[in-house]
Amino acid sequence: QLKPPQSLSAKFEGSFAYLTVRDRLPLILTKVIDTLHRNKNNFFDEHGEAGIEAEKKAISFLSKLRNELQTDKPVLPLTDGAEDIEAWNQYMQRQQSLMEDEQPVSWFKSPWLYVECYMYRRIQEALWLSPRVGDFDVFKEGKTQSFFESQQATKSLCMYLREVLIGRNNPNKNPLLEQFLKFLQVSLWGNRCDLSISAGQDNSQKTSPIDTLADLQRFILVDDSADLWAVLMAAQASGGTEIRGATVDIILDNAGFELITDLVLADFIVSTGLAREVRFHGKSIPWFVSDVNKQDFNWTIMQTMASNHKETSACGVQWKRYMKEGVWSYHDHRFWTLPHAFWDMATEAPDLYSSLQSSNLVLLKGDLNYRKLTGDRDWEHTVPFGRALRGFQPAPLCSVRTLKANVQVGLQPGQGEKLTSQDPDWMTSGKYAVIQFFSPPKE
Ligand code: F6P
Ligand code: MG
């Protein structure tokens, strides 16, 4: 493997990484502190004085964390005794060995991906070291709110899905491929609704998602959907009479409307027989403000079932059934909340890697997954996607992502330059997107 280019980092003053570490991360920490404070009475109701003590203790850890970040202090080893700390502390040593002149690994001098992941892990440490608030999800309120603010869009999407599924036998209806592309694109643009980029500000979907697709098409910089379709078709053709259709893994990103769009896509591919199984992958701790964890996943299905809108609730009921029957399943793995690039997965999380190897198609949602796919490096835009993956190739895979960080590979010669001249913020505004596919070479 050739050595990859340098990591994006806050050490490049004025870069998006720098602005994130300087402005956005401290703001997120401040909001976490506020949230704990606002929930003081709830902690009291549950645990009495001990609850208040725990809340104070967590807040003092978090204030210290914010101070360390803002004054560019060295990154500290984790101490909460959880089973992932060895992996974290080893990774820190690896970072240390990469530092020039034996400088300490610190917030502004280290890779952005690493310190950003580390911050979320330290938030969890602050809670775990304050036992009675240990399982409080500091981002839950924001996720719930964004779910409710997207109700209108959810209703129209669920209604559309039911119509498509009911009308499927009608020969005048759009062919399957056309419908598939629509649901895939809705899931793609659903990725704009993340709360990390807006530091928790409202970022929900207000308009009907289907109607806007045609206008958005020109913002998709790489569109490999035809390859996805080919993979699904191939899985349908093979496997004899009983086992037909693909096993699809969806590496989830954000809760709220984006999760709804992912569930709708999964419903569509299973209900039409394009896939026979969908395995969802979420985070095991609260992560990057809006990322899905198990509780969010189950909650979202329950809420959808409980909707007073007929089609929405019908979707929820179907989703519950798919979960119960095992057609759908939810999985988490600590690897998703480690700072490693995915090219480390085979050695760092061999069990996860081998489970993905049994997939026909791995869909990776969102920007953070793209950063991890490419190691968050300063790649030339024309470097082939497969090369930036550096050996991460468990199965055919596809990034479904709106651009929110300074990394984008696999473009045509001149495409990146042209975008930079027209729209200098093209990589970070969330306005552009990719559906970028890679398939391991056949043996
Ligand atoms: O810090 C902001 C940011 O980290 C992005 O730049 C980042 O990759 C994104 O938030 C999270 O986006 P997503 O939810 O699409 O992974
Ligand atoms: Mg996210």
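The sections below set out a description of the structure shown in this document. (Residues numbered from 1 in each chain as written. Chains lettered and ligands numbered in written order. Predicted model: local features only at pLDDT ≥ 70, side-chain atom pairs only at ≥ 80, totals over all residues. Heavy atoms only, no water.)

With distances of 2.1 to 2.2 Å, the protein atoms coordinating the magnesium ion (ligand 2) are Asp253 (OD), Asn254 (OD1) and Asp291 (OD). One chain supplies every donor for the magnesium ion (ligand 2), spaced along it as D-N-x36-D. Of this pair, aspartate 253 sits in the loop between strand S2 (246-251) and helix H11 (257-271) while aspartate 291 sits in the loop between strand S3 (275-282) and helix H12 (294-305), and the two are 38 residues apart along the sequence. With respect to burial, aspartate 253 and aspartate 291 carry one shared label: buried. (Donors = N, O, S within 2.8 Å, 3.2 Å for Na, K, Ca; no water. Helix = DSSP H or I, 4+ residues; strand = E, 2+ residues; numbered from the N terminus. Buried < 20%, exposed > 50% of the residue type's maximum accessible area, 1.4 Å probe, protein only.)

Moving on, we get to the environment of aspartate 23. Inspection of the secondary structure puts aspartate 23 in helix H1 (residues 16-38). Considering only alpha carbons, one finds aspartate 23 and glycine 375, 352 residues apart in sequence, at a separation of 23 Å. Within the local environment of aspartate 23, its side chain forms a polar contact with the side chain of arginine 22, the two groups lying 2.8 Å apart. (Polar contact = N/O pair within 3.5 Å; in protein donor to acceptor, adjacent residues only side chain to side chain.)

Right, let's get into the sheet that holds strand S6 (residues 397-402). The sheet built from 7 strands is open, its strands ordered S1-S7-S6-S5-S2-S3-S4 with mixed pairing. The sheet is open, and its two edges are formed by strand S1 (220-223) and strand S4 (328-332), each paired on a single side. This sheet shows a mean twist of 20° between the axes of neighbouring strands, independent of strand direction. Pairing geometry for S2 and S3, over 6 bridges, is parallel. (Pairing = 2+ DSSP bridges. Axes fitted to C-alpha atoms, helices over the stretch in contact; angles between N-to-C directions.)

All right, on to the site of ligand 1 then. Ligand 1 sits among 16 residues. The nearest are Arg24, Glu116, Asp367, Leu368 and Lys404. In this structure, an oxygen atom belonging to ligand 1 sits 3.0 Å away from a side-chain N or O atom of asparagine 191. Contacts to ligand 1 include arginine 371, whose side-chain N or O atom sits 3.1 Å from an oxygen atom. Protein coverage of the free-state accessible area of ligand 1, which is 390 Å², stands at 99%. Only H1, helix H5 (112-128) and helix H16 (367-373) provide two or more residues apiece to the shell around ligand 1. (Near = heavy atom within 4 Å. Areas by Shrake-Rupley, 256 points an atom, 1.4 Å probe, with all protein chains shown as cover.)

A separate point is the pairing of strand S7 (residues 433-438). Counting buried positions along S7 yields 6 of 6 residues, so the element is predominantly enclosed. Burial of S7 is two-sided: the residues Ala433, Ile435 and Phe437 facing one way and the residues Val434, Gln436 and Phe438 facing the other way are all buried. Where S1 meets S7, 3 bridges bridge the pair, whose relative direction is parallel. Across the sheet, residue valine 222 finds its bridge partner in S7, namely valine 434.

The contact between H11 and H12 brings their axes to 11 Å, and the two run at 75°. By the angle class used here, H11 and H12 are roughly perpendicular. Here H11 contributes Leu259, Ile260 and Leu263 to the contact with H12, which in turn contributes Asp296, Phe297, Thr300, Ile301 and Thr304. (Parallel < 35°, antiparallel > 145°, perpendicular 65-115°, else oblique. Contact = heavy atoms within 4.5 Å.)

Spatial relationships are all this shows, so hold off on functional conclusions.
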